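# Tertiary structure, described
Below, each chain spelled out in residue letters.
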Amino acid sequence: MNRPLQRDHRIGRVLTSVQLTAAIGITAFAIFSAGPLRSEQAAVPAAGNASTLRICAAAKELPYSASDKSGFENKIAETLATAMGRTVEFVWSDKAAIYAVRDQLDKKLCDVVIGVDTGDERVLTSRAYYRAPYVFVQRKDSPLKIEDWNSPDLAKAHPIGFVQGSPAEVMITKLDLYNDNINYVSSLTNFKDKRNTYTRIPPERMVGEVADKTAALAVAFAPEVARYVKANDALKIVVIPDNNVRSDGLRVPHHFDQSFAVRKDDKDLLAAIDAALPKAQAQIETILKDEGVPYVPPTPRT
């Protein structure tokens, strides 16, 4: 579930995309764990049932997950469970998926989180099953040619939608475009106060405002927006190259390996997931293709 700076790079979402990026020197965990939260989970079966795979799942966070199982991560979970010879069991929460590790997984209400950045230090992560990039979203008929952060036409794009705290903010600040666009970005959440709270920019709104020409460009975590771009023939996605640096020369990651996550003491379950992944991989890639997510092969495991 990148998701995710804003899971958006949800610990990718769960941080996607998006994703407190190492480029700005903070972690998604530090940001997204702020503030007291109460558990809203109903009673669930005890852990350790080898016939089921209990998935921590957001009930209202499309395109990733929804209680009607229409999210692409719901489909990935079902694919993984089948490959493991288990029955998937979703443990739903009304909270954003960025809280799934702390308020679901760590409390043993469920056993697996989908779409976690590979190597997240709070958990054990499986081998990566895909690599999720940040992308530009633009109208196909736009006269602006924008292929990377060095494109001169970026200076002509106004306004630009992006998620605060994401790699996009770092690069837009570097290009001295932040002040020109922050008022528009704030409007995407109706100017909600973000202090001590998580406020998600609705991905369908960000994409929709590019489609209707309210915005000239959006920069987003691909899994977050791919569904909405695919549904609109007027739009296109351009994968941002993963070769970017901050003003001080430090690297700004734009592509993030995505994994399944389990608790640190659940090594047997992790081994079972890793063993099943080769059987599930082709179907997972089909799900991502159907979603419209640009496929980038994950980093080879060493």
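These notes cover the structure that comes with them.

### Side note on the overall build of the chain
Of regular secondary structure, the chain possesses 8 helices and 13 strands. Taking all 302 residues of the chain together, the buried fraction comes to 57%. Accessible area of the chain: about 12800 Å², with a carbon and sulfur share of 51%.

### Quick look at the environment of histidine 255
Looking at where histidine 255 falls in the secondary structure, it is placed in strand S13 (residues 255-262). Residue classification places histidine 255 among the buried residues on the basis of a relative accessible area of 13%. Note: C-alpha distance between histidine 255 and arginine 131 (124 residues apart in sequence) is 6.3 Å. Once you skip the residues sitting within four places of it in the chain, histidine 255 turns out to touch Arg131, Ala132, Pro133, Tyr134, Val239, Ile240, Pro241, Asp242 and Val296.

### So, the pattern of salt bridges
Within the structure shown, the criterion is met by 16 salt bridges. As a salt-bridge pair, arginine 102 and aspartate 103 come within 2.9 Å of each other at their nearest N and O atoms. Under the relative-accessibility criterion, arginine 102 is labelled partly exposed at 23%. We classify aspartate 103 as buried; its relative accessible area is 4%. Arginine 131 is the partner of aspartate 257 in a salt bridge, and the nearest nitrogen-oxygen pair spans 3.0 Å. Here aspartate 257, found in strand S13, pairs with arginine 131, found in strand S7 (residues 130-139); they are 126 residues apart in sequence, far enough to count as distant. Connected through shared salt-bridge partners, Arg54, Asp111, Arg263 and Asp266 make up one network.

### Quick look at helix H5 (residues 178-187)
Every buried residue belonging to H5 is among Asn181, Ile182, Tyr184, Val185 and Ser187, and all of these are buried. Buried residues belonging to H5 abut strand S8 (160-161) and helix H6 (203-211).

### Focus on the packing of aromatic side chains
Tallied over the full model, the rule gives 9 aromatic pairs. Measuring from centroid to centroid gives 5.3 Å for tyrosine 134 and phenylalanine 221, while their planes differ by 45°, and the two rings are tilted. Placement of tyrosine 134 in strand S7 and of phenylalanine 221 in strand S9 (residues 217-221) is noted, with a sequence separation of 87 residues between them. Each member of the aromatic cluster is reached from another via a ring pair, and the members are Tyr129, Tyr130 and Phe260.

### Here's the deal with the pairing of S7
Burial runs high along S7: 10 of the 10 residues are buried. Across 4 bridges, the pairing between S7 and S13 is antiparallel. Each residue of the ladder has a partner; that of alanine 132, found in S13, is phenylalanine 256. Taken together, the 4 bridges between S7 and S9 define a ladder with antiparallel strand orientation. Bridge pairing in S9 links tyrosine 134 to phenylalanine 221. Bridging between S7 and strand S10 (residues 235-239) involves 5 bridges; their strand directions are antiparallel. Within S10, the residue paired with glutamine 138 across the bridge is lysine 236.

Thresholds applied
- Residue positions within a chain follow its written sequence, with the count starting from 1.
- Selection of residues for local features in this predicted model requires a pLDDT of at least 70, selection of side-chain atom pairs for listing and counting requires 80 or more, and totals for whole chains, interfaces and linings are taken over all residues.
- With hydrogens and water set aside, each side-chain value is computed from the structure's full complement of heavy atoms.
- A run of H or I in DSSP becomes a helix once it reaches four residues, and a run of E becomes a strand once it reaches two; helices and strands are each numbered from the N terminus.
- Three exposure classes are used, based on accessible area relative to the maximum for each residue type with a 1.4 Å probe and protein chains only: buried under 20%, partly exposed in between, and exposed over 50%.
- Accessible surface area values rest on a Shrake-Rupley calculation with a 1.4 Å probe, where residue burial reflects the displayed protein chains alone.
- Contacts are assigned to residue pairs that have any heavy atoms within 4.5 Å of one another.
- The working definition used for a salt bridge is a side-chain nitrogen of Lys or Arg within 4 Å of a carboxyl oxygen of Asp or Glu.
- Pairs were defined over the aromatic rings of Phe, Tyr and Trp, the Trp ring being its six-membered one, requiring ring centres within 6.5 Å. Orientation was assigned from the angle between planes: stacked under 30 degrees, edge-to-face over 60, tilted for the rest.
- Being paired, for any two strands, means DSSP has found at least two bridges between them.

Keep in mind these numbers describe shape, not what the thing actually does.
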